[in-house]
Structures are given as structure tokens and as C-alpha cells.
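Structural overview
For reference, the chains in residue letters:
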Amino acid sequence: MVVITTKKPEQEVFDALDRYNVKKAVIVSCGTCAALCQTGGTEGLEEWTQKLEEKGIQVLSGIVSEDVCDNRVMRKDLNKIKEEVAGADAILTLSCGLGIQSIVKNMERFDAGKPVIIANNTEFMGMTERIGRFYMRCLGCGDCLLNETGGICPITTCAKALMNGPCGGMVEGKCEVGNYEKDCGWILIYNRLKEMGRLDLFEKLRPPRDWSESGHQREVVFR
Ligand code: SF4
Ligand code: SF4
């Protein structure tokens, strides 16, 4: 599994740096998922070092960390460059949303007020077809429905994340969202359940999802 990230528009990142009047920066680049997505790793670090320096922003240090999203690893890695972190106006992170929040959390130990700016958008957890090609198949909703839907996720295959379908926007198996170019997720579920001889599950009416139970500062602890 890879957390899929894409690059933010460059100007958006520079606007964020301008907002904090950044003249000196440290770059933290993810060497794992973002490296695979070409939004981090060594190449991303080199790319952003050059971009910042062209704009007159001094890069005090740049590191590639294998686990930007692991608080413990990030603490050790930031500790190795703590003087540069102290001297920087901001940290630019080339990671997913987990990575930046791990750095923000660690900033409590270094300099709680230091801005941390992200250069990427986090898209989804990717199922790998091959390196460089990934599919969105799960958003980690916290209440998996796949036992009722033949192993196909309605949250990621239905454009409206409907609990029952298909909706009135389906035409000949295609979804109105995206101009009928993609398959309707609920038709995929129907076909799968039919193959399994379990259309009784398709007929089951599911109540609307209570999204309040899916998120909001959730924590999972394994003992
Ligand atoms: S229902 Fe879909 S989004 Fe939710 S956990 Fe299952 S696969 Fe992931
Ligand atoms: S047409 Fe199908 S995939 Fe598109 S929104 Fe309706 S139920 Fe979901």
C-alpha cells in the first residue's frame, strides 16, 4: 500500500511560504510513499532545493527521511538537524498529510510556533498495479462494508459514496459524474454479487452513513 500524493501547484506552495515571509528553510522529504509518487525522495529534495534557492530562499538543510509519518523516526531525524531547524523560518515537507502532521507534532519539542508547509496533496491509499500506477480503492472509512458488497468498496467506486445504488444518474452502467466515462460503482457491486449468487445482499437497504463516527481525532491502540 502506498499513500498517494501529487504535487501542489508550485505557486500555491510559494504563496504559503510568502505568507510566513520565509527566507530560510529546512526541507524534509519522504523517502517512502512520496518517493514512489515522485513527490518526495531525493529527487523531490533536489528539485525543491533548487526552486527555493532560485526564489532567494536559503535552504539550511534538506533530509530524506524513511518514515516521515512515524513520530519516533521524525523526532530522531529532526534532532540531527536541530540547529538548522532552529535557524529556519519554516520547514517545507514533501510528504503526505500524515508526514506533515508528524513534523508539526514534533515541533512541540523544537519550536512550537514554527510553520510547517506542505508541497503535496494527499489523494488516497493506493492499491498497486505496478510502480507508478495505483488505484483508489479504500479511504479508511472505519466501518468496512465489503462483506455486504462483494468485496467492492462503494465509498471509492461510487462518485457520491452512496450506501445504496445505483442512483438516477446511472446510464447503461456508467456514472453521470465524469460524463459517463466511468463505470457506476453500484453496477460493479451488482455484477459481483450476481456472480456470487448473493443478490439478496444487493437488495438490503443500508441507512445513511453516520460520518461523525468515522473520524474526528480517532486513535487506534494495539496492545
Ligand atoms: S468500505 Fe471502503 S473505504 Fe470503508 S474501509 Fe471498506 S474499503 Fe475502505
Ligand atoms: S451513477 Fe452509480 S457511481 Fe455514479 S453516483 Fe450514481 S450510484 Fe454512484
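Below or above, wherever it landed, is the structure these notes cover. (Residues numbered from 1 in each chain as written. Chains lettered and ligands numbered in written order. Predicted model: local features only at pLDDT ≥ 70, side-chain atom pairs only at ≥ 80, totals over all residues. Heavy atoms only, no water.)

**Some thoughts on the sheet that holds strand 1 (residues 2-7)**
Operational definition: Two strands pair under a simple rule: DSSP has to find at least two bridges between them. A run of H or I in DSSP counts as a helix once it spans at least four residues, and a run of E counts as a strand once it spans at least two, with each numbered from the N terminus. Every axis in this analysis is a line fitted to C-alpha atoms, fitted for helices over the stretch in contact. Angles between the N-to-C directions lie between 0 and 180 degrees.
One open sheet accounts for three strands, arranged 1-6-7; its pairing is antiparallel. Both edges of this open sheet fall to strand 1 and strand 7 (133-138), since each of them pairs with a single strand only. Between one strand axis and the next, the sheet turns by 65° as a mean value, whatever way the strands run. The sheet contact formed by strand 6 (residues 120-130) and strand 7 spans five bridges and is antiparallel. Across the sheet, residue arginine 130 finds its bridge partner in strand 7, namely arginine 133.

**Remarks on the packing of helix 4 (residues 71-80) against helix 6 (residues 97-110)**
Here is the rule we go by: Orientation is classified from the angle alone, with under 35 degrees giving roughly parallel, over 145 giving roughly antiparallel, 65 to 115 giving roughly perpendicular, and any other angle giving oblique. Helix crossings are classified by the rotation of the near helix relative to the far one: an anticlockwise turn of less than a right angle makes the crossing left-handed, while a clockwise turn makes it right-handed. Contacts between residues were defined by any pair of non-hydrogen atoms, one from each residue, lying within 4.5 Å. Charged means Asp, Glu, Lys or Arg here, nonpolar means Ala, Val, Leu, Ile, Met, Phe, Trp, Tyr, Cys or Pro, and polar covers whatever is left, Gly included.
Their axes nearest at 9 Å, the elements helix 4 and helix 6 cross at an angle of 50°. Taken as axis vectors, helix 4 and helix 6 run oblique relative to one another. Helix 4 and helix 6 meet at a crossing whose hand is right-handed. In contact with Asn71, Met74, Arg75, Leu78 and Asn79 of helix 4, helix 6 contributes Ser102, Ile103, Lys105, Asn106, Met107, Arg109 and Phe110. By residue class, the composition of the contact of helix 4 with helix 6 is five nonpolar, four polar and three charged.

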